[in-house]
Amino acid sequence: MRRLPPLVAVRAFEAGARHLSFTRAADELCVTQTAISHQVRQLETWLGVRLFERSGHALRLTEAGRTFLAEAGELLDRLAAVTERLRGRRDGPLRITVLPSFATCWLVPRLGRFRQSHPNIELKLTSSPEAWAFTEDRFDLGIRSGLGRWPGLKADLIAQEALSPVCSPRVAAGLPSPCTPSDLLATHLLHDTPKDAWSRWFRHAGLPEATIAAGHAFDDHSHLLQAAAQGQGMALGKLFLAEHALQEGSLVRPVDTILPNDYSYWLVYPRTVAGRPEVALFRNWLLAEAKTTTAHLAIQGA
């Protein structure tokens, strides 16, 4: 007979040890902080050793805790991986949750090339702005915008983002030549959410006192770019998403000033799916396509 500790308690400990926070562990496992604390105490009692040292709100692993984490984390990963294989997930589609704007502007127009390269891999895309709780077995991969901080998950950088004014050629034709940032104050500005992006861009362009006029606001960036391409006003475009429209000429950049964006696009997924061949193939294709887009933007002066 193997003498094994309660698996639920081990899972709670491993999450708490990775985050060094029972609160974040509780969020990851979709339970309460009290439940995590109770499971950890149960494991400490079962093992007869302390796994954490608590000093106020700070949480540190003891030497025994570090030893147990090194083995328990690897074993949980292996258990999850073999479970994934036995459940036959490889026979179904690769399930991906994608930001709506990323799907519309960038990913979907390129899926034909993925199909040509990998005709045997079926994809199922779900477009949603909501964060995926990675403890739920709904998706295999997620494409999200953020800072790359998803504890316990793998996160591959797709591309960094930057903001610059974009408009239709017709709107651009009505601007002075050469156009300066101050000239844009006379145009109808289209807003993304949150609506402070234009204020930040004008400060970056050397106009900290600029008065930003109200205008239409969009909570989906693809709708913002579509409105700009139709001549409805001047948008502060995310250049990575606007790359196709800039290439085909439905959007142009009247000025060159670029506002760096702290947020970037990431491919996020549990460590347990990283070894699946179809995941690796999609990941490699996605990152190669993103590299091509970044190269095109560099050619355009972005």
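Above this note sits the structure.
Residues numbered from 1 in each chain as written. Predicted model: local features only at pLDDT ≥ 70, side-chain atom pairs only at ≥ 80, totals over all residues. Heavy atoms only, no water.

Draft legend 1. A look at helix 1 (residues 7–19). With 13 residues, helix 1 extends 19 Å between its outermost C-alpha atoms, agreeing within 8% with the 18 Å of an ideal straight helix rising 1.5 Å per residue. For helix 1, the complete set of buried residues consists of Ala-9, Val-10, Ala-12, Phe-13, Glu-14, Ala-15, Gly-16, Ala-17 and His-19. Of the residues trailing helix 1, Leu-20 is marked for its positive phi of about 50°. (Helix = DSSP H or I, 4+ residues; strand = E, 2+ residues; numbered from the N terminus. Expected span 1.5 Å × (residues − 1). Buried < 20%, exposed > 50% of the residue type's maximum accessible area, 1.4 Å probe, protein only.)

Draft legend 2. Up close: the packing of aromatic side chains. On inspection of all chains with the given rule, the structure shows 15 aromatic pairs. Aromatic pair Phe-102 and Trp-106: ring centres 5.2 Å apart, planes at 45°, arrangement tilted. You can see Phe-102 and its partner Trp-106 sitting in helix 5 (residues 100–107), four residues apart, about one turn around the helix. This pair shows no difference in class: Phe-102 is buried, exactly as Trp-106 is. Of the aromatic side chains, those joined through ring pairs into one cluster are Phe-13, Phe-22, Phe-52 and Phe-68. (Phe/Tyr/Trp six-rings, centres within 6.5 Å; stacked < 30°, edge-to-face > 60°.)

Draft legend 3. Layout of the side chain of Arg-110. By the secondary structure assignment, Arg-110 is in the loop between helix 5 and helix 6 (111–117). Reaching out from Arg-110, the side chain makes a polar contact with the backbone oxygen of Trp-106 at a distance of 2.8 Å. Contacts of Arg-110, omitting those with residues within four sequence positions, involve Cys-105, Glu-243, Trp-285, Glu-289 and Thr-293. (Polar contact = N/O pair within 3.5 Å; in protein donor to acceptor, adjacent residues only side chain to side chain. Contact = heavy atoms within 4.5 Å.)

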